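# A structural walkthrough
Read off the chains here:
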Amino acid sequence: MNKKESMEIMRTWPRMTKEDVQCADALFTHYLFFNTAGEVTASCCGKSGVVKSQALGRHREPGVCPFCGSKAIWYGKRFGKKGLKQFVPVMFIHKRNGTVYLRTCWMKRGYEDTLTPQTFYMATFSYRLRSGCAEMWENHCYYTRYHEEPKVDEYACYLTDWMKKHYAPLKDVTGCVSYHVIGWERLKGTFLQYVGAGDRRFKDGTYYDLTKRLMLACYYSIEMLEKLGLSCFVRDLMYGTVNKEIIDYTQKDPRRALGLNGAELKELQKYNDKVLLLRLRKRLLKRGYTESIESCADYLLLCNNDINRLVRMVDKLGESPGKIRRYLAGQVNKCGHMAYGGFPSRLPAWQHYVDYLNFCGDLELDVKDRLVAFPKDLCKAHDEKAKLVAAIHKEIQMRKNAELFEKRKKKLHARIEKYQFAYGGFVILFPLLEAEIVEEGKVLRHCVGGYAERHISGSTTILFLRRAEHSDTPLATIQMNGNRIVQVHGYRNECEPCTDNPKMIPARELYADVLDVWLKWLGKGSPRDKDGNPKIQKPKEIKTA
């Protein structure tokens with residue numbers, strides 16, 4: 001369509017009626033401007049007069065126009081009126097010979113110059129809707145041009161038959177503006193008469209994305225989809241195509257669009273999760289399993305709506321979903337779990353089976369073998385495989401810890417040589433793993449576990465003070481900064497008595513004999529003999545509480 005043809009359509013576009021103007025004016029907030037002399041000017045009807053002082057309201061108080069009875073707000077004439085300017089988005093609907101015309105615009109009204117202002121319109125978009133064809137025009141200069149009626153100037157741009165080129169989504173149609181609608185009743189008798197606003201109406205009476213819905217209705221029976229409870233497909237058309245695998249949007253008949261017969265479509269109405277049902281049915285159909293709507297609903301209950309896991313299970317086992325359902329139905333009572341109300345639930349059996357198959361994968365067992373895939377006692381087989389997997393993981397973790405221990409030992413050798421110490425029946429140990437520090441905090445019930453990462457990175461140093469004869473039993477924990485002790489604490493930070501410290505003496509004081517000797521040794525540069533033992537004076541027995 002060339003520019004000349006577009007402008008001819010714009011020139012013959014249906015004009016606003018007197019009813020349209022009245023409905024548009026009603027969307028604005030009306031004011032009753034008054035002064036102390038009782039002179040009142042109403043913006044709703046444009047009339048002026050003198051009102052008794054008893055009938056006057058207070059400034060910004062809601063009231064009723066004394067001339068026409070409309071709702072309005074009292075406003076003192078002496079107050080500034082710049083802030084009373086209003087902008088209202090509106091959509092006008094007209095029809096002519098079976099064609100629906102939409103025009104969206106912004107309406108403006110201000111009170112700086114007069115107390116009974118005229119409404120001005122700024123056209124934004126124009127739409128001509130026919131069955132199978134939706135056309136759209138945009139006014140490029142709408143940001144600055146207001147007129148006495150919503151008209152499109154010579155800069156109007158025809159945006160072609162949008163929907164034929166882009167079935168979905170309608171990305172740039174009217175942006176994100178919600179409009180008040182004037183002329184909704186004019187859709188009666190047209191092909192759009194059954195297209196509602198869906199769930200897109202706001203509390204202020206505006207409709208969001210209504211133009212998109214009406215444009216879609218030129219191509220699809222969206223009212224039928226909504227009657228079937230499939231409004232999600234309408235939103236999909238408007239914003240994306242995530243449901244392409246389960247619906248053919250080019251079909252107007254819902255049965256053809258969804259691949260269902262009349263009986264199946266009727267059965268579908270019984271369930272809430274219609275989209276999940278259809279998606280599961282389509283995915284099973286691709287794998288050669290023709291399942292009824294009722295069976296798919298049962299599968300959803302079985303897998304707690306986790307259809308991806310169910311389909312992966314079907315692929316992994318090479319068995320039909322019906323076989324899996326029958327097997328789990330026989331395992332419900334054996335799992336020993338009860339649902340609310342005392343009735344057996346298949347969900348615990350499903351969770352056990354998912355874990356069991358994962359364990360089989362960890363153990364590299366062939367789940368294609370039916371003896372492996374469907375054990376007689378699922379719970380017993382689950383527990384046996386869980387113990388095997390746990391033992392393997394424990395062994396793997398021990399190997400990893402041993403390897404990590406040796407790597408850390410080499411990397412942290414200098415710090416170990418500096419701090420590790422033995423004297424008077426006590427040892428000071430340097431931990432190499434974060435887990436050791438966390439465990440120390442759990443046993444002594446203090447917060448040293450939070451320092452584990454900083455200790456390994458070298459930003460601080462954590463050491464264990466223990467008795468030489470029980471080097472695996474935590475006694476006290478030391479935090480160091482270079483050669484300076486930051487803090488030393490034992491069980492519960494000495495806030496609670498224990499076997500080693502019944503009098504709750506501060507750990508720095510309780511173990512002062514060994515700690516003082518150790519600090520002096522640190523100050524001398526941590527000297528060691530040829531066997532790697534600390535060079536210190538002859539050790540003596542240290543008495544503690």
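So, here is what we can say about the structure in this document. None of these values were measured; they are calculated from a predicted model.

### Side note on the side chain of Thr 124
- Tracing the backbone shows Thr 124 in strand 8 (residues 120-130).
- Among the residues examined, Thr 124 registers a relative accessible area of 3% and is labelled buried.
- For Thr 124, the side chain forms a polar contact with the side chain of Thr 104, separated by 2.7 Å.

### With respect to the packing of helix 9 (residues 274-286) against helix 11 (residues 307-317)
- Where helix 9 meets helix 11, the axes come as close as 11 Å, and the angle between the chain directions of the two elements is 15°. The angle between the axes of helix 9 and helix 11 places the two elements in the roughly parallel class. Pair helix 9 / helix 11 crosses with right-handed handedness. Judged by residue contacts, Leu 276, Arg 279, Leu 280 and Arg 283 of helix 9 engage Ile 307, Asn 308, Leu 310 and Val 311 from helix 11.
- Residues belonging to the contact of helix 9 with helix 11 are distributed by class as follows: five nonpolar, one polar and two charged.

### Description of the environment of Asn 272
- The topology assignment puts Asn 272 in the loop between helix 8 (262-268) and helix 9.
- Note on Asn 272: relative accessible area 74%, which makes it exposed.

### With respect to the pairing of strand 8
- Counting buried positions over the eleven residues of strand 8 gives nine, a clear majority of the element.
- Pairing between strand 8 and strand 9 (residues 133-139): six bridges, direction antiparallel. When the bridges of strand 9 are listed, Arg 130 appears paired with Cys 133.

### Notes on the nonpolar core
- In this structure, Leu 129, Phe 233, Leu 280, Leu 317, Leu 328 and Tyr 353 are the most contacted members of the largest nonpolar core, which totals 74 residues.
- Setting aside anything within four residues of it in sequence, one finds Tyr 353 in contact with Met 313, Leu 317, Ile 324, Tyr 327, Leu 328, Ala 373, Phe 374 and Leu 378.
- Within the second largest apolar cluster, 25 residues are counted, among which are Leu 412, Leu 465, Leu 475 and Leu 510.

### Overview of the pattern of salt bridges
- For the structure shown, the criterion picks out 18 salt bridges.
- Salt-bridge contacts for Asp 298 lead to Arg 325; the nearest nitrogen and oxygen are separated by 3.2 Å. Placement of the pair is Asp 298 in helix 10 (residues 293-303) and Arg 325 in helix 12 (residues 321-335), with a sequence separation of 27 residues.
- Note that Asp 516 is salt-bridged to Arg 508, the shortest N-O span being 3.0 Å.
- In this structure Arg 508 comes out as partly exposed when scored by relative accessible area, which is 32%.
- One network of salt bridges, in which partners are shared, links Arg 128, Arg 130 and Glu 135.

### Things to note about unusual backbone geometry
- For Asn 97, which is not glycine, the phi torsion reads 55° and is therefore positive.
- Its place among the elements puts Asn 97 in the loop between strand 6 (86-96) and strand 7 (99-109).
- Residue classification places Asn 97 among the exposed positions, given a relative accessible area of 77%.
- You will see that Glu 364, though not glycine, has its phi angle at about 60°, which is positive.
- Its place among the elements puts Glu 364 in the loop between helix 13 (346-362) and helix 14 (370-373).
- You can call Glu 364 exposed: its relative accessible area is 72%.

### Concerning the sheet that holds strand 17 (residues 484-489)
- Reading across from one edge, 13-14-15-16-17 is the order of the five strands in this open sheet, with antiparallel pairing throughout. Each end of this open sheet is capped by a strand with a single partner; those strands are strand 13 (421-423) and strand 17. The mean angle between the axes of side-by-side strands here comes to 20°, regardless of whether they run parallel or antiparallel.
- Sheet contacts for helix 17 (residues 434-444): strand 15 (461-467), strand 16 (476-481) and strand 17; angle to strand 15, the most-contacted strand, approximately 55°.

### With respect to the packing of aromatic side chains
- Per the stated rule, a full pass over the model turns up 19 aromatic pairs.
- Taken together, a centroid distance of 5.5 Å and an interplanar angle of 85° make the contact between Tyr 31 and Tyr 111 edge-to-face. Taken together, the positions of Tyr 31 in strand 1 (residues 31-34) and Tyr 111 in the loop between strand 7 and strand 8 put the pair 80 residues apart, joining distant regions of the chain.
- Residue Tyr 111 is classed as buried on the basis of its relative accessible area, which comes to 1%.
- Through successive ring pairs, a cluster of aromatic residues spans Tyr 31, Phe 33, Tyr 75, Phe 79 and Tyr 111.
- Sitting over the face of the ring of Tyr 101, Arg 96 holds its NZ or CZ atom 5.3 Å from the ring centroid.

### With respect to the environment of Pro 321
- Within the secondary structure, Pro 321 sits in helix 12.
- According to the relative accessible area criterion, Pro 321 is buried, its value standing at 1%.
- Pro 321 sits 32 residues away from Tyr 289 along the chain, and the two C-alpha atoms are 8.3 Å apart.
- Discounting residues that sit within four places of it in the chain, Pro 321 has contacts with Leu 284, Tyr 289, Glu 291, Tyr 299 and Val 314.

Thresholds applied
- Residues numbered from 1 in each chain as written.
- Predicted model: local features only at pLDDT ≥ 70, side-chain atom pairs only at ≥ 80, totals over all residues.
- Heavy atoms only, no water.
- Helix = DSSP H or I, 4+ residues; strand = E, 2+ residues; numbered from the N terminus.
- Buried < 20%, exposed > 50% of the residue type's maximum accessible area, 1.4 Å probe, protein only.
- Polar contact = N/O pair within 3.5 Å; in protein donor to acceptor, adjacent residues only side chain to side chain.
- Axes fitted to C-alpha atoms, helices over the stretch in contact; angles between N-to-C directions.
- Parallel < 35°, antiparallel > 145°, perpendicular 65-115°, else oblique.
- Left-handed = near helix turned anticlockwise from the far one by under 90°.
- Contact = heavy atoms within 4.5 Å.
- Nonpolar A, V, L, I, M, F, W, Y, C, P; charged D, E, K, R; others polar.
- Pairing = 2+ DSSP bridges.
- Core = buried A, V, L, I, M, F, W, Y, C linked by side-chain atoms within 4.5 Å.
- Salt bridge = Lys/Arg side-chain N within 4 Å of Asp/Glu carboxyl O.
- Phe/Tyr/Trp six-rings, centres within 6.5 Å; stacked < 30°, edge-to-face > 60°.
- Lys NZ or Arg CZ within 6 Å of the ring centre and 35° of its normal.

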